[in-house]
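Inside the fold
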Amino acid sequence: MLRDLTTIGGYALREAVRRKVLVVVVVLTICFLALYGFGSYHAFQEITRGGGGDGLGAALEEEVLTGSTLLGLAMFVTLFLGTVLAVFVTLNAVRGDAERGLLQPLVVRPVGRSTLLLARFLAAAAVCIAYVQIVYWGAVLLTDATGGYRPGNAFAGALALAAAVTIIVAIALLGTTLLSSTANGIAIFMVFGAGLAAGLIGQIGAALNSSTLEQISAIATWALPFEALYQDGLHALTADIDGVTGVIVQLGPFGGAQEAGPLLYPFAVAYLLGAGLLADRTFRRADL
Amino acid sequence: MTKSTIEGRRKAPFVVPDRHEIRTDPTRACVILSLVADALLAAGLRKTYRATVALDGVDLRVGAGELVGLLGPNGAGKSTLTKIACGLVRPTAGKVTVLGHPAGSTAARARTGYLAELFRFPGWASADEVLELHQRLARSGGGAEERTELLALVGLAEAARRRVEAMSKGMQQRLGIAQALVGAPSLVLLDEPTSALDPAGRRTVRELLEGLRGRGVAVLLNSHLLSEVELVCDRVVIVDGGRTIAEGAPHELAAAGGVEIETAAGLKRFPDAGREQVPTLVARLVGHGEEIYGVRVVTGTLEDAYLRLVGKDAR
Ligand SMILES: Nc1ncnc2c1ncn2[C@@H]1O[C@H](COP(=O)(O)OP(=O)(O)OP(=O)(O)O)[C@@H](O)[C@H]1O
Ligand SMILES: [Mg+2]
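Residues numbered from 1 in each chain as written. Chains lettered and ligands numbered in written order. Predicted model: local features only at pLDDT ≥ 70, side-chain atom pairs only at ≥ 80, totals over all residues. Heavy atoms only, no water.

As for the overall build of chain A
- Within chain A, the secondary structure is distributed over 13 helices and 0 strands.
- In sequence order, the secondary structure elements of chain A are arranged as α-α-α-α-α-α-α-α-α-α-α-α-α.
- When burial is assessed residue by residue, chain A has 49% of its 288 residues classed as buried.
- Sequence-distant contacts in chain A: of pairs separated by 6 or more residues, those separated by 24 or more amount to 81%. (Helix = DSSP H or I, 4+ residues; strand = E, 2+ residues; numbered from the N terminus. Buried < 20%, exposed > 50% of the residue type's maximum accessible area, 1.4 Å probe, protein only. Contact = heavy atoms within 4.5 Å.)

Considering the domain arrangement of chain B
- As assigned here, chain B comprises domain 1 (19-252) and domain 2 (256-299).
- Using only C-alpha atoms to locate each centre, domain 1 of chain B and domain 2 of chain B end up separated by 44 Å. (Domains from an automatic or database assignment.)

Notes on the environment of A:Leu174
Residue and element names in this part refer to chain A.
- Within the secondary structure, Leu 174 is located in helix H8 (residues 154-178).
- Relative accessible area serves as the criterion here: at 15%, Leu 174 is assigned to the buried category.
- A sequence separation of 67 residues divides Leu 174 from Val 107, and the C-alpha atoms of the two residues are 17 Å apart.
- Discounting residues that sit within four places of it in the chain, Leu 174 has contacts with Ala 275, Leu 278 and Ala 279.

Structural notes on the layout of surface pockets
- A volume near 550 Å³ is recorded for the largest pocket.
- Lining the largest pocket are 28 residues; nearest its centre among them are A:Glu15, A:Phe88, A:Val89, A:Asn92 and A:Arg120.
- At the level of elements, helix H1 (2-18), helix H4 (62-90), helix H5 (95-100) and helix H7 (113-147) of chain A are the ones that each hand at least two residues to the lining of the largest pocket.
- Per-element accounting of the lining of the largest pocket gives the leading share, 5 residues, to H1(A).
- Tallied by class, the residues present in the lining of the largest pocket amount to 19 nonpolar, 3 polar and 6 charged.
- Roughly 390 Å³ of volume is contained in the second largest pocket.
- Taken together, 16 residues make up the lining of the second largest pocket; nearest its centre are A:Arg113, A:Arg284, B:Gly87, B:Arg90 and B:Gly104. (1 Å grid on protein atoms, 1.4 Å probe; cavity = no way out; pocket = protein on both sides within 12 Å on 5 of 7 lines; lining within 4 Å. Points joined across faces, edges and corners; volume = space filled by probe spheres on them. Nonpolar A, V, L, I, M, F, W, Y, C, P; charged D, E, K, R; others polar.)

So, the coordination of the magnesium ion (ligand 2)
All names here are of chain B.
- Protein coordination of the magnesium ion (ligand 2) is provided by Ser 79 (OG) and Glu 117 (OE), with donor distances spanning 2.0 to 2.3 Å. A residue pair is termed long-range when its members are at least 10 positions apart, and Ser 79 in helix H4 (residues 78-85) and Glu 117 in the loop between strand S6 (112-115) and helix H6 (127-137) qualify at 38 residues.
- Since its relative accessible area comes to 33%, Glu 117 is described here as partly exposed. (Donors = N, O, S within 2.8 Å, 3.2 Å for Na, K, Ca; no water.)

Notes on the site of ligand 1
All names here are of chain B.
- The full set close to ligand 1 counts 14 residues, and Lys 78, Ser 79, Thr 80, Glu 117 and His 224 are the nearest of them.
- Backbone polar atom of Gly 75 to an oxygen atom of ligand 1: 2.8 Å apart, as the coordinates give it.
- Here Gly 77 contributes a backbone N or O atom positioned 2.9 Å from an oxygen atom of ligand 1.
- Mapped onto the shell around ligand 1, the elements with two or more residues apiece are strand S2 (52-62) and H4.
- Ranked by the residues each element gives to the shell around ligand 1, the list is headed by H4, at 3 residues. (Near = heavy atom within 4 Å. Polar contact = N/O pair within 3.5 Å; in protein donor to acceptor, adjacent residues only side chain to side chain.)

Thoughts on the pairing of strand S3 (residues 67-71) of chain B
Residues and elements named next belong to chain B.
- Counting buried residues along S3, 5 of its 5 residues qualify, which places the element largely inside the surrounding structure.
- In S3, alternate side chains face the same way, and those of Leu 67, Gly 69 and Leu 71 on one face and Val 68 and Leu 70 on the other are all buried.
- Across 4 bridges, the pairing between S3 and strand S9 (residues 235-240) is parallel. Bridging from a neighbouring strand, Leu 70 pairs with Val 237 of S9. (Pairing = 2+ DSSP bridges.)

Description of the packing of H6(B) against helix H7 (residues 143-153) of chain B
All names here are of chain B.
- Close contact between H6 and H7 brings their axes to 10 Å; oriented N to C, the two are set at 125 degrees. Viewed along their axes, H6 and H7 adopt a mutual orientation that is oblique. Between H6 and H7 the crossing geometry is right-handed. For the pair H6 and H7, the contacting residues are Ala 127, Asp 128, Leu 131, Glu 132 and Gln 135 in the first and Gly 143, Glu 146, Arg 147, Leu 150 and Leu 151 in the second.
- Taken together, the residues that form the contact of H6 with H7 break down as 4 nonpolar, 2 polar and 4 charged. (Axes fitted to C-alpha atoms, helices over the stretch in contact; angles between N-to-C directions. Parallel < 35°, antiparallel > 145°, perpendicular 65-115°, else oblique. Left-handed = near helix turned anticlockwise from the far one by under 90°.)

Side note on the nonpolar core
Residues and elements named next belong to chain B.
- One finds Leu 40, Leu 60, Leu 175 and Leu 209 to be the most contacted residues of the largest nonpolar core, which totals 152 residues.
- When residues no more than four places from it in sequence are discounted, the contact partners of Leu 209 are Leu 67, Leu 190, Val 219, Leu 221 and Val 232.
- The next biggest cluster of nonpolar side chains, apart from the first, holds 7 residues, and it includes Val 259, Ile 261, Ala 273 and Val 278. (Core = buried A, V, L, I, M, F, W, Y, C linked by side-chain atoms within 4.5 Å.)

As for the interface of chain B and chain A
- Listed by partner, the interface residues are 32 residues for chain B and 27 residues for chain A.
- The junction of chain B with chain A conceals about 2800 Å² of combined surface from both sides, 55% of it contributed by carbon and sulfur atoms.
- The salt bridge partner of B:Arg139 is A:Asp4, with a shortest N-O separation of 2.7 Å.
- Across the chain B-chain A interface, the total number found is 17 residue pairs in polar contact (both at pLDDT 80 or more).
- Among the secondary structure elements, those contributing two or more residues to the side of chain B that touches chain A are strand S1 (40-49), helix H5 (106-110), S6, H6 and helix H8 (169-180) of chain B.
- Of the residues assigned to the side of chain B that touches chain A, the class counts are 17 nonpolar, 6 polar and 9 charged. (Buried area = accessible area lost by both parts, 1.4 Å probe. Salt bridge = Lys/Arg side-chain N within 4 Å of Asp/Glu carboxyl O.)

Topic: the sheet that holds strand S5 (residues 101-102) of chain B
All names here are of chain B.
- Pairing within the open sheet is antiparallel, and its 4 strands lie in the order S2-S1-S4-S5. Each of the sheet's edge strands pairs with one partner strand only, and the pair in question is S2 and S5.
- Pairing of S1 with S2 involves 8 bridges; the strand directions are antiparallel. By the bridge assignment for S2, Leu 41 is matched with Arg 61.

Considerations on the packing of aromatic side chains
- A full pass over the atoms with the stated rule returns 11 aromatic pairs over all chains.
- Ring centres 6.0 Å apart and planes at 45 degrees place the aromatic pair A:Phe80 and A:Phe192 in the tilted group. Within this pair, whereas A:Phe80 is found in helix H4, its partner A:Phe192 is found in helix H9 (residues 181-208), the two being separated by 112 residues in sequence.
- According to the relative accessible area criterion, A:Phe80 is partly exposed, its value standing at 35%.
- According to the relative accessible area criterion, A:Phe192 is buried, its value standing at 5%.
- Taken together, A:Phe80, A:Phe192 and A:Phe226 form an aromatic cluster joined through their ring pairs.
- The ring centre of B:Tyr49 lies 5.1 Å from the NZ or CZ of B:Lys47, which sits over that ring. (Phe/Tyr/Trp six-rings, centres within 6.5 Å; stacked < 30°, edge-to-face > 60°. Lys NZ or Arg CZ within 6 Å of the ring centre and 35° of its normal.)

Have a look at this one:
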């Protein structure tokens, strides 16, 4: 089983390398980080040039506000790019490959379909997790280097991104057992968009003090836990900011994130297992 | 168990060894099974895709080391049957065993080689890499030697390093055949393996099939090229509308074209007569005062028999 996992996983990774997927991703990521570093540098330059004021201005720690907003943006972009990668590395894994006749020669070998699916999952998750970690830590380091800002709990953000992208890989793989390539790609992006919308509704709800909106958002983000994980990570980045700055950060686009509580990670694991088992069941019953 | 009973079992269609026999002598169970078990045995096999009935109770047997041709018109259910045998498709009803194991089980798949009708290998991989992957998955310890041998067998010795995307369709099909033979399977299922091959390639495959038979490998060959099937197969099974409509050796199915005798009064046809009856027929005609100018035993081809059986006689 382990041997089959490494064979098939290695084969999927080799495909990504040969198909120049990795080259494209690396080049574009360097571009993104360069852009981020450039933007971050100028943002911090602006606030030091502006100087401190009195009253509210004096209580407002501008580096903290700028730094946390920039990192919030970085986290959002990282998850988005991670989602794009997750969708494309899993796009054809089951139905797409079966329709093109690529899957059948593998499935008839004495490797279980479950092993095949698990290997594809592990390979895709490994690639996507590594990717979001590189982008995220790159942004954290750049923010520190350009403005001397360090978030409260950077590790929580990293963990949240890793978990969120793993959930997306699982949803995308489940999608490939049900839908062919294009339909699956569209579906996953729509699901991602729905999660995003749910998060925004929650923030609007919090700003308007509308418990109905907040409830809708809570249900939707738990149904799509990558969003809850992302929000939780974002929250951890800014949770320790207090005073006036804290209030203003909370009002900003990346500050109003909801903390999910201790059940989030167990729930995410259960969700992952559920999606995995459903994908496995669908794949094992499929006529290819 | 004596040799004669083993032989008897091998000949008898649809006989699986008695469970009781195996239970009372478990040490010999494997030996007996491998001697007795048919390479492929399907009984009452049904498969429906929603409203479409693809297989409607097919019976099929491929004995150990036997080369069986599976014929039938488009949509008859040949590919469906083959896919069920290798575990790609789940039957709706009926029973299929491969080398004594349920079709689709790991044990069955471990000893089966399969070439799909529509298949593709990843374009980025070389021929050698494709075979290497399949060696790993099939747990073949053949190494580079096996790969070289298989590529040579299908006439791709020069193309080991060539990437699949740079191969012609026929070359890919040759690679597909090599892939099906990785790990020395005991049963090989080939779904239209020569559809893209040039005449030389077809001959290569024919020789390869004969080689497999020589090594005791059972083959189910799914093909529309009747002349080829006729040349190489021990037995032919014809399916139509998801049912077995005929089976037998190619010469048995193809025979019985009748006898034609040219007399002064014209050509006389005896459609049911065979070669053995020629002397009697000639003697009778001469006895009636006829003058004989020629006698011809009409041997039908498999194609004639096929067209007659599937009711689409072109003549
Ligand atoms: N996945 C599927 N979904 C629905 N119907 C199917 C599917 N696969 C096959 N069929 C139907 O099952 C029947 C048998 O198809 P099959 O592919 O086994 O025929 P075949 O004998 O291999 O034909 P051909 O000579 O054209 O390859 C056909 O009517 C076909 O339309
Ligand atoms: Mg077919």
